[in-house]
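One letter stands for each residue in the lines below.
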Amino acid sequence: MKKFPPNHWLLIALFVISFFHYSSRANAALANVWHIPDNNGDLGFNMRNPESAIGQGTPVAFYTGLWKWNNGNQIANQTVGMLFYKTSAQSVWNRTNLSFYSNTSANQYWQTTLNPAGFSPGDVVQYYFLLTFDGFNNVSNTCLYGTDSASSTTGDTNVAAANPFTFTITNNLSIGTPVLTVNGVNADYTTTHVFVNEVKGDSIPLTILFSPNASNVVEADVFSNLNRRNRATLDANGDGIEDGIVPPDGNTIPTGDDHNYYKAYAMTPTSTPGQYSFTLNATNCGAYRLSARYKISGNTNWFWYSTNGRRDHCLVVTPTRARDMVLYELNAMNINSQGTLPAQRSTFTDLYGGPGARPYDAVTNRFSLNYVQNLGVNWLWFQPIHPIGILNRQIDPNTGQPYSVGSPYAVKNYFQVNPLLSKANTRDAAMQEFTNFVAAADAAGINVMLDEPFNHTAWDCELDASGVYYFATNAQPTDEIANSEARFYSRTNEYDQRASSAANIAPAPDRFDFGKWTDVADIYFGVTPRSCRTPRNREIKPAKRIGLIIPSATKILRATATVISTRSRKIPGVILPTAFCIGSIKPVVRPARRRIKWTPVLTVCVRILAKGCRRKLGNTSSTKSARANGILCS
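What counts and how
Here, residues in each chain are numbered from 1, in the same order as that chain's written sequence. In keeping with the predicted nature of the model, local features appear solely for residues at pLDDT of at least 70, side-chain atom pairs appear and are counted solely at 80 or more, and the whole-chain, interface and lining totals rest on all residues. Hydrogens and water molecules were not included; the side-chain quantities draw on all heavy atoms of the structure. Secondary structure elements are defined from DSSP: runs of H or I of at least 4 residues count as helices, runs of E of at least 2 residues count as strands, and each element is numbered from the N terminus. Classification of residues uses two cut-offs on accessible area relative to the type maximum, computed with a 1.4 Å probe and protein chains only: under 20% is buried, over 50% is exposed, and between them is partly exposed. Residues count as neighbours in contact if any of their non-hydrogen atoms are within 4.5 Å of one another. Only the protein chains shown count as covering a residue, and every accessible area follows the Shrake-Rupley method with a 1.4 Å probe. By definition, a salt bridge exists where a carboxyl oxygen of Asp or Glu is found within 4 Å of a side-chain nitrogen of Lys or Arg. Between the rings of Phe, Tyr and Trp (Trp by its six-membered ring), a pair exists once the centres lie within 6.5 Å; its type follows the angle of the planes, with under 30 degrees stacked, over 60 edge-to-face, and the other angles tilted. For a lysine, the NZ atom is tested; for an arginine, the CZ atom; a charge sits over a ring if that atom is within 6 Å of the ring centre and within 35 degrees of the ring normal. When DSSP finds at least two bridges between two strands, those strands are taken to pair. Note on terminology: a nonpolar core comprises buried Ala, Val, Leu, Ile, Met, Phe, Trp, Tyr and Cys residues joined through side-chain atoms within 4.5 Å. Take the number of residues in a helix, subtract one, and multiply by 1.5 Å to get its expected span. On a scale of 0 to 100, pLDDT captures the predictor's confidence in every residue. Charged residues are defined narrowly, with Lys and Arg counted positive, Asp and Glu counted negative, and His plus the chain ends left uncounted. Distance and chemistry together define a polar contact, namely a pair of N or O atoms within 3.5 Å, with one atom able to donate a hydrogen and the other to accept it when in protein, and with adjacent residues in sequence counting only for side-chain atoms on both sides.

1. What to know about the overall build of the chain
Turning to step 1, where the next piece is worked out: Within the chain, the secondary structure is distributed over seven helices and 43 strands.
Turning to step 2, where the next piece is worked out: Counting the 634 residues in the chain, one finds 54% classified as buried.
Turning to step 3, where the next piece is worked out: Across the chain, every contact between residues at least 6 apart in sequence was considered, and the portion connecting residues at least 24 apart equals 69%.
Turning to step 4, where the next piece is worked out: A total accessible area of about 27200 Å² is found for the chain, and carbon and sulfur atoms account for 51% of it.

2. Some details on the pattern of salt bridges
Turning to step 1, where the next piece is worked out: Taken as a whole, this structure holds 12 salt bridges when the rule is applied.
Turning to step 2, where the next piece is worked out: Notably, a salt bridge pairs Arg48 with Asp148, separated by 3.3 Å at the nearest N-O pair. Note that Arg48 is positioned in strand β3 (residues 48–49) and Asp148 in the loop between β13 (142–146) and β14 (151–154), a separation of 100 residues in sequence.
Turning to step 3, where the next piece is worked out: Residue class for Arg48 comes out buried when judged on its relative accessible area of 1%.
Turning to step 4, where the next piece is worked out: Linking Asp350 and Lys423 is a salt bridge whose minimum nitrogen-to-oxygen distance equals 2.8 Å. Of this pair, Asp350 sits in helix α3 (residues 348–352) while Lys423 sits in the loop between β30 (401–402) and α5 (427–443); the two residues are 73 residues apart in sequence, bridging distant segments of the chain.
Turning to step 5, where the next piece is worked out: A residue is classified by how much of its surface remains accessible, and Asp350, at 3% relative accessible area, is buried.
Turning to step 6, where the next piece is worked out: Residues participating in the shared-partner salt-bridge network are Arg228, Asp258 and Lys263.

3. Some points on the packing of aromatic side chains
Turning to step 1, where the next piece is worked out: Taken as a whole, this structure holds 32 aromatic pairs when the rule is applied.
Turning to step 2, where the next piece is worked out: Note on Phe471 and Phe488: the rings are 5.2 Å apart at their centroids and 70° apart in plane angle, and the pair reads as edge-to-face. On the criterion of sequence distance, the pair formed by Phe471 in helix α6 (residues 464–471) and Phe488 in the loop between α7 (481–484) and β33 (490–491) is long-range, its members being 17 residues apart.
Turning to step 3, where the next piece is worked out: Here Phe471 falls in the partly exposed class, since its relative accessible area comes to 24%.
Turning to step 4, where the next piece is worked out: Judged by relative accessible area, which is 3%, Phe488 ranks as buried.
Turning to step 5, where the next piece is worked out: One aromatic cluster is present, formed by Phe62, Tyr127, Phe129, Phe165 and Phe167 through successive ring pairs.
Turning to step 6, where the next piece is worked out: One cation-aromatic arrangement involves Arg293 over Trp302; the distance from NZ or CZ to the ring centre is 3.7 Å.

4. Points about the sheet that holds strand β36 (residues 517–522)
Turning to step 1, where the next piece is worked out: If you walk across this open sheet you meet the three strands as β32-β36-β35, and the pairing is antiparallel. Each edge of the open sheet carries a strand with a single partner, namely β32 (456–458) and β35 (507–508).
Turning to step 2, where the next piece is worked out: The pairing of β32 with β36 spans three bridges and is antiparallel. Across the sheet, Thr457 pairs through a bridge with Ala521, a residue of β36.

5. Quick word on the nonpolar core
Turning to step 1, where the next piece is worked out: Core analysis: the biggest nonpolar cluster contains 29 residues, and Leu180, Leu206, Ile208, Phe210, Leu226, Leu290 and Tyr294 have the highest contact counts within it.
Turning to step 2, where the next piece is worked out: For this core, the secondary-structure elements that each account for two or more residues are β16 (179–182), β18 (191–196), β19 (204–211), β20 (217–224), β23 (276–282), β24 (286–296) and β26 (313–319).
Turning to step 3, where the next piece is worked out: Ignoring any residue separated from it by four or fewer positions in sequence, one finds Leu206 in contact with Val182, Asn183, Thr192, Val194, Leu226, Phe278, Thr279, Leu280, Ala282 and Leu315.
Turning to step 4, where the next piece is worked out: Leu330, Phe348, Val372 and Ile385 belong to the second-largest nonpolar core, a separate cluster that totals 28 residues.

6. So, α5
Turning to step 1, where the next piece is worked out: When the terminal C-alpha atoms of α5 are compared, their 25 Å separation across 17 residues agrees well with the 24 Å that a helix rising 1.5 Å per residue should span.
Turning to step 2, where the next piece is worked out: Buried within α5 are the following residues: Ala429, Ala430, Met431, Glu433, Phe434, Thr435, Phe437, Val438, Ala440 and Ala441.

7. Here's the deal with the environment of Gln476
Turning to step 1, where the next piece is worked out: Here Gln476 shows up in the loop between α6 and α7.
Turning to step 2, where the next piece is worked out: Along the chain, Gln476 and Asp464 lie 12 residues apart, while their C-alpha atoms are 7.4 Å from each other.

8. Description of the environment of Pro37
Turning to step 1, where the next piece is worked out: Secondary-structure assignment places Pro37 in the loop between β2 (33–34) and β3.
Turning to step 2, where the next piece is worked out: Distance in space between the C-alpha atoms of Pro37 and Phe165 is 8.8 Å, their sequence separation being 128 residues.
Turning to step 3, where the next piece is worked out: With sequence-adjacent residues up to four places away left out, Pro37 is seen in contact with Asn46, Met47, Arg48, Glu51, Tyr127, Thr147, Asp148 and Phe165.

9. Notes on the confidence of the model for the chain
Note that predicted coordinates carrying low pLDDT should not be read in detail.
Turning to step 1, where the next piece is worked out: Per-chain confidence: the chain averages 80 in pLDDT, with 78% of residues scoring 70 or above.
Turning to step 2, where the next piece is worked out: Low pLDDT, under 50, characterises residues 14–26; the predicted model gives this stretch zero contacts beyond four residues in sequence or across chains.
Turning to step 3, where the next piece is worked out: Across residues 535–634, confidence stays below pLDDT 50; counting only partners more than four residues off in sequence or on other chains, it has 364 contacts.

10. Remarks on the side chain of Asp243
Turning to step 1, where the next piece is worked out: For Asp243, the position within the fold is in the loop between β20 and β21 (263–266).
Turning to step 2, where the next piece is worked out: Of the side chains with opposite charge, Arg231 comes closest to the buried, unpaired Asp243, at an N-O distance of 6.4 Å.
Turning to step 3, where the next piece is worked out: Among residues more than four places away in sequence, those in contact with Asp243 are Arg231, Ala232, Leu234, Asp235, Ala236, Asn237, Pro248 and Tyr261.

11. Here we look at the sheet that holds β19
Turning to step 1, where the next piece is worked out: Taken together, the five strands give an open sheet; going across it, the order is β17-β16-β19-β23-β22, and neighbouring strands pair in antiparallel fashion. In this open sheet, the two strands that pair with only one neighbour each are β17 (185–186) and β22 (268–269).
Turning to step 2, where the next piece is worked out: The sheet contact formed by β19 and β23 spans seven bridges and is antiparallel. Opposite Pro205, over in β23, you have Asn281 as the bridge partner.

12. Some details on the environment of His456
Turning to step 1, where the next piece is worked out: Inspection of the secondary structure puts His456 in strand β32.
Turning to step 2, where the next piece is worked out: Along the backbone, His456 and Ala506 are 50 residues apart, and their C-alpha atoms lie at a distance of 10.0 Å.
Turning to step 3, where the next piece is worked out: Looking at His456, its side chain comes within polar contact range of the main-chain oxygen of Tyr409, at 3.4 Å.

Written out as structure tokens, the structure is:
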């Protein structure tokens, strides 16, 4: 056998080592990591803390996040990390090591602290991260760079160094905790509730006082979308998304500019040193947000009240008539039912004594508008009136077969009315009967409110025309959402992720403490910022729009509902561009019985007016503890 010289063996060994080294690098993946200074949703405070107003005497903490576990399975293992930093005028990078901070069920966080005493006022500090990994799951060392609102990853330190995060050292400021009040109420994550009559032109003053508690303040603004619901569907910044869903960055909106969904109002100094005031007048019903911002001498950046754990203030402007509400909840199909067969159930015609209605019967057919008036009721709250899904319908234990009617909360089409609610048993006839009923109720001085479960749908829910427009332009209105755009729904066992196909759509609800409902699929809500000033999360996912057609005697109401949420918070918002008056958001307590859901439910009401008025409702927020939201007519 031929023998290679010693140097040949060395060359072969080097070739083999290089081959495996190259193969390992070729299969390596970057870690799923992030550092977003604006993000205060992960830890309860900003990932650069403080995010701004950093003076020479202000220690700054930096935090990075790692997606480490997926359903308990480890994805990556970070060993350490480094923060590289310098000023924009310096050429050499300094560095300091990160240390472990905390774990959650899915994420791991690392942190370090920087003392800016060595910097000078006006210095622009640049920084990026190099996070090191042990190669588990082929995850390689990863660099983080970006802006205050977004971070990016790369394996190349040169790329990170060329695109660093930045912040500016301020003029040795004395920074305290800013104080914002609305009519004397601390504005941090609280609510001010007022009542107006829009028809009469009511105007309720809201006195806003703001103390930035910072030196050298040169300007202070109130920032809010109060009274501006008519701009929610506009796209002022041209990003292709309605401003009521993703508003323009508040930092880009000039003081006094009137072209956006949110507006900044210049405040004036009061006799109290360091305090500013402004009075906003609530005139339009809706639920809105309010924050404040300020600038300091020598710095062009805005500093925001809604940072470092503080949240926006909620303004709820409710129609005055809501204070006189006497509410009666009913199911249109069984309120006058004479039996369990479809033909024995009541229809909308029966509820108001219309053409072909059943004759009055003190036992089986006594409900009517006169009956409601005699009770002193002026609002009717209907459980869902839409067609009911068939797929995965719950089983009747007495027969072993699916229930013949199903639950009204398993909605098959939000734009139609259940055919069983008409004498002719068709959707068109049901729509007409409902139209006639609303007209009769209006004439009797009775308001109508509809329960709309926009947090889940039937498994076979249809797109209808609006769904085709928004989600599947090549589909048919009767096609199912699940087969056309499965990302509309949550993913099985991962409710913070979108489904990728009809095969992994999650059942509702998105919680694990009392089981699931087999007949409904959970709608994916996405994430939302904690502050009104700008989108502030790692990923802002497109909101869903679900439509509802409610015809009156002369008009058709098309409601577009926008639902955005986080795991801890859901934000429903409704736009109703019609000749109807729409009011505000209000918590509603509902009976604890099967299918009356304890996750947030959106409720829409209709009140037909002789002359009509144009109303739109802006966004609002609630925690899951609120459980439900209702929208009241003006």
